[in-house]
Amino acid sequence: EPAFRYLVENGYRTVLSDDVARLVREGRHPGPRTVMLAFDDAWASLWLVVGPLLERYNLRAVTYVIAGRVQDADGPRPTSAGGPVDAAAADRAANPFVTWPELRALSASGRVEVQSHTWSHSMIFTGSDATGVVDPDFSREPQILHPRLNSGRSLEFLSPSRLGFPMFARRSRMSDGRRFWPEPDACARVEASVRDGGGAAFFARRDWRKDLAPLLAAIPGRVETDAERENEIEQELVFARDEIEHRLGTRVRHICLPWGITGSVTRRALERVGIVTAFANRLSGRLAVAAGDEPFFLKRLDNRHIFALPGRGRRVFTTLA
């Protein structure tokens, strides 16, 4: 709310994705004191808190939805407009995202434009050497980082309950990394060893890593082909686009790539499926959007930089750390 108030009190106007596209592709600036507010993932708090605040301050925003993770519901939940809500708890729940009825209401309000954050927002295994196993500490990792174990429309992610499942180097599905598929029976043998050794208690042993080393030394598997990689990346784009358009009746032409990571395969796929702009932060260069920027490698500023915009009460940051 303080950020929204700062924008309104200093005369800023919010714009949406097509305005950004016209700026970078055609050099058509949306005008002075304009910002685009972006909310990734579409957490439950987008509906519970952000939506009512946008209405209160007469602002608009874009949310990038992980379409394959959004669930149906009988109807929208009560929001902060009707009284206190525990949005933080909702964002930590087993299903921490908005529901389709809530997304429809946000979209219909005209306050929130819904665009793509890919179908699954997945990490995948890209290394063939085991780096460890699922241990009790894995449950403390954010759910969004748990690697995906399957492909296609259905979603299966590695669960913290799978103690002993071998872990490998991970990268975003939208990177150029080629996926490693570990052999299921070999993974099951490691899980069985941990289960037979006491489950969570197994990891209290001083030498548990040494005990598992022979099983982890050579987990067989295969690396996906170039054609498989290209197909999976395109599916991430197409499944998300088609689901959002079908559910909401709106057009999806813009995307934010998970963790700001992309690659040459994704770059080609974006053009094939009709995406117009993509946010995918490169590590160097200007951290803001300007005319002439590469439309598939746009950058964004962290929300605290709202307070660095010119205006009353402006704060100046000397570091991005």
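Predicted model, so just to flag it, every value in this text is computed and none were measured.

Chemist: Could you give an account of the side chain of H121, with specific residues and numbers?
Modeler: Looking at the element boundaries, H121 is found in the loop between strand 5 (112-116) and strand 6 (123-125). Looking at H121, the relative accessible area reads 3%, which means it is buried. Among the polar contacts listed, one links the side chain of H121 to the side chain of H117, at a separation of 3.4 Å. If sequence neighbours within four positions are ignored, H121 has contacts with D41, I66, R69, I144, E236, P258 and W259.

Chemist: Explain helix 5 (residues 100-108) to me, and be specific about the residues and the numbers.
Modeler: Every α-helix carries 3.6 residues per turn, so stepping three or four residues along brings you back to the same face. Looking at helix 5, one finds that the buried residues are W100, P101, E102, L103, L106 and S107. Those residues of helix 5 that are buried are in contact with helix 3 (44-57), strand 4 (61-65), strand 5 and helix 8 (226-248). G110 occupies a position one or two residues after helix 5 and carries a positive phi of about 80°.

Chemist: Could you give an account of the pairing of strand 3 (residues 38-41), naming the residues involved and the relevant values?
Modeler: Here strand 3 runs beside strand 4; their pairing, made up of four bridges, is parallel. Bridged to F39 within strand 4 is T63. Read as a crossover between parallel neighbours, the route from strand 3 over helix 3 to strand 4 is right-handed.

Chemist: Which residues make up the packing of helix 3 against helix 5, and what are the values?
Modeler: The geometry of helix 3 relative to helix 5 is characterised by a closest axis approach of 10 Å and an angle of 20° between their N-to-C directions. Our classification of the angle between helix 3 and helix 5 gives roughly parallel. Taken as a pair, helix 3 and helix 5 cross one another with a handedness that is left-handed. Touching L46, W47 and G51 of helix 3 are E102, A105 and L106, all from helix 5. Within the contact of helix 3 with helix 5, the residues separate by chemical class into four nonpolar, one polar and one charged.

Chemist: Explain helix 9 (residues 264-272) to me, and be specific about the residues and the numbers.
Modeler: Along helix 9, the residues classified as buried are V265, T266, A269 and L270. Viewed end-on, helix 9 has its buried residues packed into an arc of 135°, placing them on one side of the element. Of the surrounding secondary structure, the elements contacted by the buried residues of helix 9 are helix 8, strand 12 (254-256) and strand 13 (277-279). One or two residues past the end of helix 9 sits G274, with phi positive at roughly 90°.

Chemist: So, the environment of V316: which residues are in play, and what are the values?
Modeler: By the secondary structure assignment, V316 is in the segment after strand 13. In this structure V316 comes out as exposed when scored by relative accessible area, which is 69%. Measuring from C-alpha to C-alpha, the distance between V316 and H305 comes to 8.6 Å, with 11 residues separating the pair along the chain.

How each quantity is defined
Residues numbered from 1 in each chain as written. Predicted model: local features only at pLDDT ≥ 70, side-chain atom pairs only at ≥ 80, totals over all residues. Heavy atoms only, no water. Helix = DSSP H or I, 4+ residues; strand = E, 2+ residues; numbered from the N terminus. Buried < 20%, exposed > 50% of the residue type's maximum accessible area, 1.4 Å probe, protein only. Polar contact = N/O pair within 3.5 Å; in protein donor to acceptor, adjacent residues only side chain to side chain. Contact = heavy atoms within 4.5 Å. Pairing = 2+ DSSP bridges. Right-handed = clockwise from strand over helix to strand, strands pointing away. Axes fitted to C-alpha atoms, helices over the stretch in contact; angles between N-to-C directions. Parallel < 35°, antiparallel > 145°, perpendicular 65-115°, else oblique. Left-handed = near helix turned anticlockwise from the far one by under 90°. Nonpolar A, V, L, I, M, F, W, Y, C, P; charged D, E, K, R; others polar. Arc of directions from axis to C-beta.

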